[in-house]
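Coordinates in review
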Amino acid sequence: MEKAAEGNTEKGAHVAVKGEAALRPEFITTKEKFHGFVDSEWQGSKGEKARDNGTAEEAKATCVEEPEVKKFKPDTEEGNKAGKPDSKRLRGQNKSRPHKKPTTYDEKRLCLSVIQENRECPFGDKCYFYHDIAEYMASKPADIGESCYLYDTFGKCPFGLCCRFAKAHTTPDFKTMENTDLVKAREGKIPVKNSLSKDLQYRLRKHSVAFEKSAEYLKTLSNNRDKKEQQGNEKLPSSTDKQPPVKTVGPLTDADVIKLRPCEKKQVDFRDKLYLAPLTTCGNLPFRRVCKRLGVDITCGEMAMCTNLLQGQQSEWALLKRHESEDLFGVQVEGCFPDTMTRCAELINNNTEVDFVDINSGCPIDLVYKKGGGCGLMTRTRKFEQIIKGMDYVLDVPLTVKIRTGVQEKSNMAHKLIPEMKNWGVSMITLHGRSREQRYTKLADWDYITTCSKLAGPIPLFGNGDILSYEDAMKAKETGVAGIMIARGALIKPWIFTEIKESRHWDISSGERLDILRDFSNFGLEHWGSDTRGVEKTRTFMLEWLSFMCRYIPVGLLERVPQKINERPPYYMGRNYLESLMASQNVGDWVRISEMLLGPVPKNFNFLPKHKANSYK
């Protein structure tokens, strides 16, 4: 294999481009040389070894030594169209990207009656699925690996013969094996909580779930509205109908004042903790488990729509699931009306195990904003107040709020809302230092976050925006915030939590990064399944994550440390082939990385990243 450095440009040949990270000249190359090197080495003998074995040692072509591997503690595009210049920034979402259901990758499956110990199939001859095990095994795609993570961890693989690692736990006569010792050791343990039961789903769909506390609160809103209307009428009395005010005698009722809860709310200490932001699509349970291993303190589920939760939608309830390793976990809900948000909070309070509930009033997307949710709540203060007070009334856990600086770029309004929210019952506020109009462009305004943190006391305020290194985190903490929330920084380099806690720059090797991806693939197979559907779902989420991870530039290659989040990497050669492959901004190369861990992609596989900014070449 030729040295990676041969693809590099001569010193001084690379012209610095505004917005690009500063790399050491010997590693910088051109787009054509970079892709030529990656493609040729992948198809070469050592590239084949890298794909088959998935180890950095067998894939390396080092011109510079990588750092030693750090040991972990065990765990409890195609981008630009032809003719467009590379400097063109793509923004927004790929709204017309292909959406393939996982079922499309499974042409014909084994019948459930065969999987469940040969019980009689209720569909008889009309059944579409396989009943002959030998015939199914002959048509089934080849196994991905020799060992099954689920069998090795739990002693039994629930997917049996359908598992893409079935050889590890299948006898020659197609019987599924069990490790009785492991099964007994795991007996009674529930690794994932907050699943939607069939009974609750049925009652939600039949509108038979009682929301008693919500009804009490909503009744006060109705009575207060009636009182205001009555007072308005009294201000304009009729000349023919003047009646003296009626004096009432009797005890206060819920219509006059909301009674205090008999129980004390659960107390959570948020201060000085690292908070992984609720990330739509990428902030799934397997990714949160990876971040927990790397040092994050607070995790939160992806944004869930309150109306979908109230309707019992399985896909929305999946966003509330909590792994046993998540010791401080919350869920984030989005909505724009006091009645639905209050009922949703009571539903979560009574049927899930969470440490806090977060209101999303920072979402900038049009679908949410135009109906009055997300950032729209910041401009509807009366509704916002009713939502916060209602949710706080029905919850036994703290209520938190995530906001932006405002809607328009030059019209900040968070400083006006924060003093009000303290009186409404909020336990913690997170402020993203950008407006809705900015989305994720320009730098976050940490001076404004500093001002707001002083207004928020004694309630903790977390700052969010542009943190990609421990130096960024230290500067953020100097502003006086109670803690920091990390979003894109965790997607680009999830080991940022380790860096912050150890106060150092970690020059992580490509082999260690591949191990982190391997952990994600194992957690994904456990969460989504080890059959073909589960494997391809895990692959899709891994590719979404890789569309962010490819922006990372190894510390040893930087001319100026640390890397800034708004700096795009130029084309560069890594210290070995795997590091170069991980630096690729091409979708095809992300697929190659996924093939190292999850086997070859199906013939009809297609992928386009969610965000256009992630599909540049």
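Keep in mind that what you see is a predicted model, and the values were worked out from it rather than measured.

This part covers the overall build of the protein chain. Summing up its helical and strand segments, the protein chain has 24 helices and eleven strands in all. Counting all 617 residues of the protein chain, 53% fall into the buried class. Accessible surface, the protein chain as shown: approximately 30,300 Å² in total, 50% of it carbon and sulfur.

If you add up the space inside the largest cavity, you get close to 60 Å³. Lining the largest cavity, in full, are Leu 468, Ser 469, Lys 493, Glu 499, His 505, Tyr 552, Ile 553, Val 555, Leu 558, Val 561, Pro 562 and Gln 563. Residue classes in the lining of the largest cavity are distributed as seven nonpolar, three polar and two charged. Counting contributing residues per domain, the lining of the largest cavity is built from domain 2 (276–505) and domain 3 (507–616), each supplying no fewer than three.

Per the UniProt record, "zinc finger region: C3H1-type" (unreviewed entry) is found at residues 105–134 and 147–172. What you have in residues 147–172 is 23% helix and 0% strand, and the ends, taken at the C-alpha atoms, are 16 Å apart.

What follows concerns the packing of helix H10 (residues 285–293) against helix H21 (residues 510–528). Two numbers describe how H10 lies on H21: the axes approach to 8 Å, and their chain directions differ by 135°. Relative to H21, the element H10 is oriented oblique. Between H10 and H21 the crossing geometry is right-handed. Contacts from Leu 285, Pro 286, Phe 287, Arg 289, Val 290 and Arg 293 in H10 reach Ile 516, Asp 519, Phe 520, Phe 523, Gly 524, Glu 526, His 527 and Trp 528 in H21.

Take the confidence of the model for the protein chain next. The predicted model of the protein chain averages 83 in pLDDT, with 79% of residues at 70 or higher. Predicted confidence for residues 71–89 stays below pLDDT 50, and this span has 38 contacts to residues more than four positions away or in other chains. The low-confidence segment residues 235–248, where pLDDT is below 50, has zero contacts with residues more than four positions distant or belonging to other chains.

What follows is about helix H22 (residues 532–549). With 18 residues, H22 should cover 26 Å at 1.5 Å per step; its first-to-last C-alpha distance of 25 Å lies within 8% of that length. With 15 of its 18 residues buried, H22 lies for the most part within the structure.

Relative to the elements of secondary structure, Leu 461 occurs in strand S10 (residues 461–464). Residue classification places Leu 461 among the buried residues on the basis of a relative accessible area of 2%. Residues Leu 461 and Gly 480, spaced 19 residues apart in sequence, show a C-alpha to C-alpha distance of 8.9 Å. Contact partners of Leu 461, with chain neighbours within four places excluded, come to Ile 418, Ile 429, Leu 431, Ile 449, Cys 452, Ser 453, Ala 456, Val 481, Ala 482 and Gly 483.

So, on to the nonpolar core. In terms of nonpolar packing, the biggest core is built from 150 residues, with Val 357, Ile 359, Met 391, Met 421, Ile 484 and Leu 517 touching the most fellow members. Residue contacts for Ile 484: discarding those within four places in its chain leaves Lys 273, Leu 274, Tyr 275, Trp 446, Phe 462, Gly 463, Ile 467, Ala 473, Ala 476 and Ile 500. Counting residues in each nonpolar core, the second largest holds nine residues, with Cys 111, Val 114, Tyr 136 and Cys 162 among its members.

Our focus in this paragraph is the packing of H21 against H22. Packing of H21 against H22 brings their axes to within 9 Å, and their N-to-C directions diverge by 145°. The chirality of how H21 crosses H22 is right-handed. On H22, the residues that touch Arg 513, Ile 516, Leu 517, Phe 520, Ser 521, Gly 524, Leu 525 and Trp 528 of H21 are Gly 534, Val 535, Lys 537, Thr 538, Phe 541, Met 542, Trp 545, Leu 546 and Met 549. When grouped by side-chain class, the residues that make up the contact of H21 with H22 number eleven nonpolar, four polar and two charged.

All right, on to the side chain of Thr 400 then. Structurally, Thr 400 can be placed in strand S8 (residues 399–404). A polar atom in the side chain of Thr 400 sits 2.6 Å from the side chain of Asp 358. If near-sequence neighbours (up to four positions away) are discounted, Thr 400 is found in contact with Phe 270, Phe 356, Val 357, Asp 358, Ile 359, Val 426 and Met 428.

In this section: unusual backbone geometry. The step from Gly 457 to Pro 458 runs through a cis peptide bond, and the omega angle for that step is 5°. Residue Pro 562 is bonded to the preceding Val 561 through a cis peptide linkage, with omega at 5°. Turning to its location among the elements, Pro 562 is positioned in the loop between H22 and helix H23 (577–582). For Phe 174, which is not glycine, the phi torsion reads 65° and is therefore positive. Looking at the secondary structure, you find Phe 174 in the loop between helix H6 (149–154) and helix H7 (180–186). Since its relative accessible area comes to 32%, Phe 174 is described here as partly exposed. Despite not being glycine, Asp 272 has its phi angle at roughly 60°, a positive value. Counting through the fold element by element, Asp 272 comes out in the loop between helix H9 (212–235) and strand S2 (274–276).

Enumeration over the complete set of coordinates arrives at 30 salt bridges. One salt bridge connects Arg 322 with Asp 355, and the closest N-O pair in it is separated by 2.7 Å. One end of the pair, Arg 322, is in strand S5 (residues 322–323); the other, Asp 355, is in the loop between helix H13 (338–351) and strand S7 (356–361), and 33 residues separate them in sequence. Given a relative accessible area of 10%, Arg 322 falls into the buried group. One salt bridge connects Glu 567 with Arg 560, and the closest N-O pair in it is separated by 2.5 Å. Taking relative accessible area as the criterion, Glu 567 reaches 15% and is therefore assigned buried. Beyond isolated ion pairs, a larger network of salt bridges with shared partners links Asp 39, Asp 589 and Arg 592.

Thresholds, definitions, all that
- Residues numbered from 1 in each chain as written.
- Predicted model: local features only at pLDDT ≥ 70, side-chain atom pairs only at ≥ 80, totals over all residues.
- Heavy atoms only, no water.
- Helix = DSSP H or I, 4+ residues; strand = E, 2+ residues; numbered from the N terminus.
- Buried < 20%, exposed > 50% of the residue type's maximum accessible area, 1.4 Å probe, protein only.
- Areas by Shrake-Rupley, 256 points an atom, 1.4 Å probe, with all protein chains shown as cover.
- 1 Å grid on protein atoms, 1.4 Å probe; cavity = no way out; pocket = protein on both sides within 12 Å on 5 of 7 lines; lining within 4 Å.
- Points joined across faces, edges and corners; volume = space filled by probe spheres on them.
- Nonpolar A, V, L, I, M, F, W, Y, C, P; charged D, E, K, R; others polar.
- Domains from an automatic or database assignment.
- UniProt positions renumbered as here; feature names shortened; annotations may be inferred.
- Axes fitted to C-alpha atoms, helices over the stretch in contact; angles between N-to-C directions.
- Parallel < 35°, antiparallel > 145°, perpendicular 65-115°, else oblique.
- Left-handed = near helix turned anticlockwise from the far one by under 90°.
- Contact = heavy atoms within 4.5 Å.
- pLDDT = per-residue confidence, 0-100.
- Expected span 1.5 Å × (residues − 1).
- Core = buried A, V, L, I, M, F, W, Y, C linked by side-chain atoms within 4.5 Å.
- Polar contact = N/O pair within 3.5 Å; in protein donor to acceptor, adjacent residues only side chain to side chain.
- Salt bridge = Lys/Arg side-chain N within 4 Å of Asp/Glu carboxyl O.

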